[in-house]
Amino acid sequence: MRTRDRLLLLMLGTVWLGLPGCTPTPTPSDEGPRYDGGPVSWHRDVQPILQERCQGCHTQNGVAPFALETYGEASGMHAALANSIQARRMPPWMPAEGPHHFRDSRRLTQGELDILSAWSEQGAPEGDPNDAPAPHEPAPPLEWTDLTIGPDEPYLPKDATADDYHCFLLDPHLEQKQELIGFEVMPGVKQQVHHVLLFAAPRQKALDRDAREAGPGWTCFGDSGIAGASLLGAWAPGSPPTRYPEGTGVRVAADAVFVMQVHYNISQRQLGAHQGVAPGRVGAMHGEAQPDLTRMALQFARKPVSKLASLYALVDGEFAIPPGATGYSHHSEQYVPAGTLWGVLPHMHTKGRRIQVELGGQRLIEIPAWDFHWQQMYFYKQPVSVPLFSQMKLTCAWDNPTPRTVTWGEGTDDEMCLAYLYMTE
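Everything numeric in this text was worked out from a predicted model, so none of it was measured. (Residues numbered from 1 in each chain as written. Predicted model: local features only at pLDDT ≥ 70, side-chain atom pairs only at ≥ 80, totals over all residues. Heavy atoms only, no water.)

Q: Got a minute to help me understand the packing of aromatic side chains in this structure?
A: A ring pair, where both rings are aromatic, is described by two values, the distance of the centres and the angle of the planes. Within the structure shown, the criterion is met by 15 aromatic pairs. Note on Tyr-244 and Tyr-422: the rings are 6.5 Å apart at their centroids and 45° apart in plane angle, and the pair reads as tilted. Note that Tyr-244 is positioned in the loop between strand 7 (242-243) and strand 8 (248-252) and Tyr-422 in strand 21 (residues 418-424), a separation of 178 residues in sequence. Judged by its relative accessible area of 1%, Tyr-244 falls in the buried class. Through a chain of ring-to-ring contacts, the aromatic side chains of Trp-93, Phe-102, Tyr-378 and Tyr-380 assemble into a single cluster. (Phe/Tyr/Trp six-rings, centres within 6.5 Å; stacked < 30°, edge-to-face > 60°. Helix = DSSP H or I, 4+ residues; strand = E, 2+ residues; numbered from the N terminus. Buried < 20%, exposed > 50% of the residue type's maximum accessible area, 1.4 Å probe, protein only.)

In structure tokens:
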């Protein structure tokens with residue numbers, strides 16, 4: 001298929017919503033907790049921050065490589081914790097600060113960073129257990145759900161490599177078109193499930209793709225691998241149930257089937273400082289692969305939404321990254337429909353280094369240090385008005401350590417440069 005045809009399919013068919021990472025919480029007030037320069041203790045000062053900001057991933061049998069739930073666990077990792085937060089590697093939150101602020105930010109406030117740093121510098125004191133905060137309450141569920149869907153039987157992830165991306169064909173048996181407004185993911189084996197994506201796909205194309213591989217589902221990377229599929233929802237560990245911006249929703253055709261992609265992260269690998277452990281340490285992240293049965297609960301609108309959401313693709317598919325290139329950059333400009341911009345999803349593959357979207361010279365989003373495993377939809381605190389005849393600029397940069405020229409493609413070794421715009425008229 002020609003590049004131009006692929007881009008057209010993307011622009012007509014792809015919808016990707018809401019991939020928070022670990023522990024999305026309401027963006028703390030700029031005031032937040034402040035460090036007064038005095039002694040800091042685990043129970044009074046540190047534990048409340050870790051409950052809110054870290055324990056969506058860093059729990060026993062969670063997706064992170066170690067837990068931060070108890071004093072013993074956290075004090076043993078205090079130096080690595082301080083190093084990772086001071087470098088802004090953790091919590092994982094990729095956008096740079098800019099003129100437009102995103103909801104559900106995981107970025108630590110300066111006060112939180114100062115408190116955690118001081119605790120480590122002071123030798124990680126425990127303090128008085130009577131100062132401990134109340135147990136952390138999980139996020140409330142959706143008010144209702146209409147359909148819970150998942151594979152018919154457990155799937156055993158492949159553990160020959162670090163990551164297994166597997167797609168499952170699911171039939172919702174919808175009798176009429178629906179508008180998706182929310183969802184909740186129930187991971188099976190929590191320590192193995194890194195993220196989940198749900199697509200709507202043309203029925204026959206999905207059936208044909210499923211038949212090409214033995215067993216339930218097929219191996220997939222980046223997306224469903226089905227032309228014309230649209231991504232309806234996405235999840236990562238620590239995410240509460242997702243509710244799309246009030247009054248908006250995404251339409252699902254009555255004859256569509258669903259494809260659920262699960263990214264399993266299960267095998268042994270070299271652990272490094274970026275994961276909060278000593279460089280060079282080798283260990284199993286979560287032991288051997290275990291059969292998994294991940295499911296999703298979906299919420300459909302009970303009456304038509306006032307603002308039907310569409311997802312427009314900014315695409316640059318004409319790049320050619322030279323062999324051995326470092327920081328190779330390419331950009332394109334594209335007219336977009338007038339309307340209201342609620343969120344942005346930048347997307348590249350594993351060679352990506354930086355991506356930025358601009359409108360009229362103003363930055364809408366910049367990811368200065370791209371990480372394929374932490375991509376998500378970023379929703380603005382205040383939606384952005386897009387005037388008639390607006391042109392947006394998309395800029396991408398990559399590192400290419402391979403001996404070949406890398407161009408646009410669907411595969412692991414190919415690349416992309418695009419950003420989806422979640423918009424209403």
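Q: Can you walk me through the state of the cysteines in this structure?
A: The bond known as a disulfide is covalent and runs between the sulfur atoms of two cysteines. Taken as a whole and assessed by the stated rule, the structure comprises 2 disulfides. Linked covalently through their sulfurs, Cys-167 and Cys-220 form a disulfide whose S-S length is 2.2 Å. With the S-S dihedral at roughly 100°, the linkage between Cys-167 and Cys-220 falls on the right-handed side. Of this pair, Cys-167 sits in strand 2 (residues 163-170) while Cys-220 is found in the loop between strand 5 (218-219) and strand 6 (230-235), placing the two residues 53 residues apart along the sequence. Each of the two residues, Cys-167 as well as Cys-220, counts as buried. Cys-396 shares a disulfide with Cys-417; S-S distance 2.0 Å. As the torsion about the S-S bond is roughly 90°, the Cys-396-Cys-417 disulfide counts as right-handed. Of the two residues, Cys-396 is situated in strand 20 (residues 390-398) and Cys-417 in the loop between strand 20 and strand 21; the sequence distance between them amounts to 21 residues. (Disulfide = S-S within 2.5 Å.)

Q: Would you mind going over empty space enclosed by the protein with me for this structure?
A: In this approach, a probe sized like a water molecule rolls over the atoms, and the result shows the empty space that is left. For the structure on display, the rule yields 2 cavities of 30 Å³ or more. Around the largest cavity, the lining residues are Ala-96, Gly-98, Pro-99, His-100, Phe-102, Arg-363, Leu-364, Ile-365 and Glu-366. By residue class, the composition of the lining of the largest cavity is 5 nonpolar, 2 polar and 2 charged. (1 Å grid on protein atoms, 1.4 Å probe; cavity = no way out; pocket = protein on both sides within 12 Å on 5 of 7 lines; lining within 4 Å. Points joined across faces, edges and corners; volume = space filled by probe spheres on them. Nonpolar A, V, L, I, M, F, W, Y, C, P; charged D, E, K, R; others polar.)

By themselves, these figures tell us nothing about what the structure is for.
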